[in-house]
Amino acid sequence: MSDQLIRAISKDGFVKATAVSTRGLTERARQIHKTLPVATAALGRTLAAASMMGNALKEDGASVTLQIKGGGPLGTLLAVSDNQGNVRGTVDHPEVDLPLRSDGKLDVGTAVGTEGTLTVIRDLNMKEPYVGSVGLLGGEIAEDLAAYFVESEQIPTACGLGVLVDRDQSVLSAGGYLIQLLPGAGENVIARVEGGVMAAGSVTGLLQENSDPEAMLRKVLSDFEIDVLERSPIEYRCYCSRERMERALISMGPAELKSLIDDQGEAELTCRFCDNVQHFTREQLEAMLAGMRKK
C-alpha cells in the first residue's frame, strides 16, 4: 500500500484527527541520507509529524517546517511539508548509532536529546512566517509535539509516532496520528481519547496489523464514531531543480562566484534534501558571472 494521509472528525464534533502511513517515504529518506536505525526512526517520526501538520494548511504554496534541536548526537532534525502533506527532510548526523534501550527499543530520546527546542515555522505566503517554539520534554518527538500544540496554540492534543526498522536496516512500518479536541469537548471526551490511546498500543504495532491509517485511527478512537473527511496519497517530494541551484550560485554575488571559478574552475551542487546532483562547468559559471555584470 502506498503512503496515505487521512483526516477525520468524530460524529459528535468534539474530536478531529489526522493519521498517516509513511513507510515508503521514510525508506526513501533512509536511502537518500544513508541513516542508521536510530537516525531513521528520529527522522521518520519528524517527517510523519510534518506531513500531518502541513496537510492542515489549505493555502496553495503554504508549507510547514519542523525543526528539532535537542543537543543530542543526531544534531538538528529538519522536515518540510507542503500543504498536501508531501515531505522532505534531513538529519545532521545520519551515521549516529546508539545501543538499544533496556526494553529493546531504539533510543530516539537520547539520540535527539532533551536540552533544546522544537520549532514550528508556518509559511502562509504572507510577509512573515508564523514561528512557534517550545522546550523539548523527552526528545521522543510525539510528546514534544503534543506539548507544542498545548503551549503554543492552546489545543489539547494526543500524538503518536513510530518507525519500525528491520534487521537489514530497511523500514518495516512508519506513521503516526494527531488527535485534537475541538471547542466544547469536556472531561469525558478527554478521558475517552486517553483511554483509546492507551488501549491501542504503539503506532508501529497498529501499522503492522494493518497499514491503512484509517484502521489505525479507528482503533485509537474506538470509543467514537468518526467520519473520514479526506484521504490522499503522500510521498517524499523535493522541489529542488537545476534552476534553483543556479539561482543559489548567482546569489553568492560576483566576487564570490569569480573566486569559485578561479579556485575550482567548476561547481557541483548536491541538494541537502535529496540525491539530486548538478554539475556546472567553467563556461556555465563564467556565463552566469557575465550575466550578473551586465545588470
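Scroll up for the structure.
Let me sum up the structure you'll find in this document. Every value quoted in this text rests on a predicted model; they were computed, and no experiment measured them. (Residues numbered from 1 in each chain as written. Predicted model: local features only at pLDDT ≥ 70, side-chain atom pairs only at ≥ 80, totals over all residues. Heavy atoms only, no water.)

1. Considerations on the pairing of strand 2 (residues 15-21)
Filter applied, for reference: Relative accessibility under 20% of the residue-type maximum defines a buried residue, over 50% an exposed one, and the middle range a partly exposed one, all with a 1.4 Å probe and only protein chains included. The helix and strand labels rest on DSSP assignments: H or I over at least four residues marks a helix, E over at least two residues marks a strand, and numbering proceeds from the N terminus. Following DSSP output, two strands are said to pair if at least two bridges run between them.
With six of seven residues buried, strand 2 lies mostly within the body of the structure. Counted along the chain from strand 1 (residues 4-10) to the antiparallel partner strand 2, the turn is four residues long, and its residue glycine 13 has a positive phi close to 80°. Pairing between strand 2 and strand 9 (residues 171-181): seven bridges, direction antiparallel. From the neighbouring strand, serine 21 faces strand 9, where its bridge partner is glycine 175.

2. Considering the packing of aromatic side chains
Note the threshold: Think of it this way: a Phe, Tyr or Trp ring, Trp meaning its six-membered ring, pairs with another when their centres are within 6.5 Å, and the plane angle makes it stacked under 30 degrees, edge-to-face over 60, tilted otherwise. Think of it as a cone above the ring: NZ of Lys or CZ of Arg counts as a charge over the ring if it is within 6 Å of the ring centre and within 35 degrees of the ring normal.
Under the definition given, this model contains one aromatic pair. When the centroid spacing of 5.4 Å and the interplanar angle of 70° are considered together, the rings of tyrosine 148 and phenylalanine 149 count as edge-to-face. On the accessibility criterion, tyrosine 148 (0% relative accessible area) is buried. Between the NZ or CZ atom of arginine 88 and the centre of the ring of phenylalanine 273, over which it lies, the distance is 5.3 Å. Over the ring of phenylalanine 224 we find arginine 192, and its NZ or CZ is 4.0 Å from the ring centre.

3. Examining the sheet that holds strand 4 (residues 76-82)
Using the following cut-off: Note on definitions: angles span 0 to 180 degrees between N-to-C directions of axes, and those axes are lines fitted to C-alpha atoms, for helices only across the stretch in contact. The criterion used for residue contact is that any of the two residues' heavy atoms lie within 4.5 Å.
Taken together, five strands build an open sheet; the order of strands is 5-4-3-6-7 and the sheet is antiparallel. Single-partner strands in this sheet number two, and they are strand 5 (87-91) and strand 7 (130-135). Looking at each pair of strands side by side, their axes are set apart by 10° on average, direction ignored. Sheet topology note: the strand 3 (residues 63-69)/strand 4 ladder contains seven bridges and is antiparallel. Bridge assignment links isoleucine 68 to a residue of strand 4, and that residue is leucine 77. Lying on the sheet, helix 2 (residues 37-55) is in contact with strand 3, strand 4, strand 5 and strand 6 (117-123); it crosses strand 4 at an angle near 30°. Against the sheet, helix 4 (residues 142-153) touches strand 3, strand 6 and strand 7, its axis set at about 120° to strand 7.

4. Regarding the nonpolar core
Worth spelling out the cut-off: Note on terminology: a nonpolar core comprises buried Ala, Val, Leu, Ile, Met, Phe, Trp, Tyr and Cys residues joined through side-chain atoms within 4.5 Å.
With 65 residues, the main nonpolar core has Met53, Val112, Leu118, Leu145 and Leu285 as its most contacted residues. Ignoring anything within four residues of it in the chain, the contact list for leucine 285 reads Leu249, Leu257, Leu260, Ile261, Gly265, Glu266, Ala267 and Phe280. Among the nonpolar cores identified, the runner-up in size contains 20 residues, and Ala8, Ile179, Val220 and Leu221 belong to it.

5. Some words on the environment of proline 233
Position of proline 233 among the secondary structure elements: in strand 10 (residues 226-233). Residue class for proline 233 comes out exposed when judged on its relative accessible area of 58%. For the pair formed by proline 233 and cysteine 159, sequence separation is 74 residues and the distance between their alpha carbons is 21 Å.

6. Observations regarding the side chain of serine 10
Using the following cut-off: Any N or O atom pair separated by 3.5 Å or less is treated as a polar contact, with the protein-specific requirement of one donor-capable and one acceptor-capable atom, and with residues adjacent in sequence counted only for side-chain atom pairs.
Secondary-structure assignment places serine 10 in strand 1. The class of serine 10 is buried, set by a relative accessible area of 4%. Side-chain polar atoms of serine 10 contact the side chain of aspartate 12, separated by 2.5 Å.

7. Some thoughts on helix 4
The cut-off we apply is this: One fewer than the residue count of a helix, multiplied by 1.5 Å, yields its expected span.
The first and last C-alpha atoms of helix 4 sit 16 Å apart over 12 residues, in line with the 16 Å expected at 1.5 Å per residue. Those residues of helix 4 not exposed but buried are Ala142, Asp144, Leu145, Ala146, Ala147, Tyr148 and Phe149. Buried-residue contacts for helix 4 involve helix 2, strand 3, strand 6, strand 7, strand 8 (157-165) and strand 9. Note on helix 4: the residue one or two positions beyond its end, glutamine 154, has a positive phi of about 55°.

8. Describing helix 7 (residues 213-220)
Where we set the bar: The arc in question is the one spanned by the directions pointing from the helix axis to the C-beta atoms.
The set of residues buried in helix 7 consists of Pro213, Glu214, Met216, Leu217 and Val220. The arc that holds every buried residue of helix 7, seen down its axis, measures 160°, which confines them to one face. Where helix 7 is buried, its residues contact strand 1, strand 2, strand 9, helix 5 (187-200), helix 6 (203-209) and strand 10. Taking the backbone nitrogen of glutamate 214 as reference, a side-chain oxygen 2.9 Å away marks aspartate 212 as the first, capping residue of helix 7.

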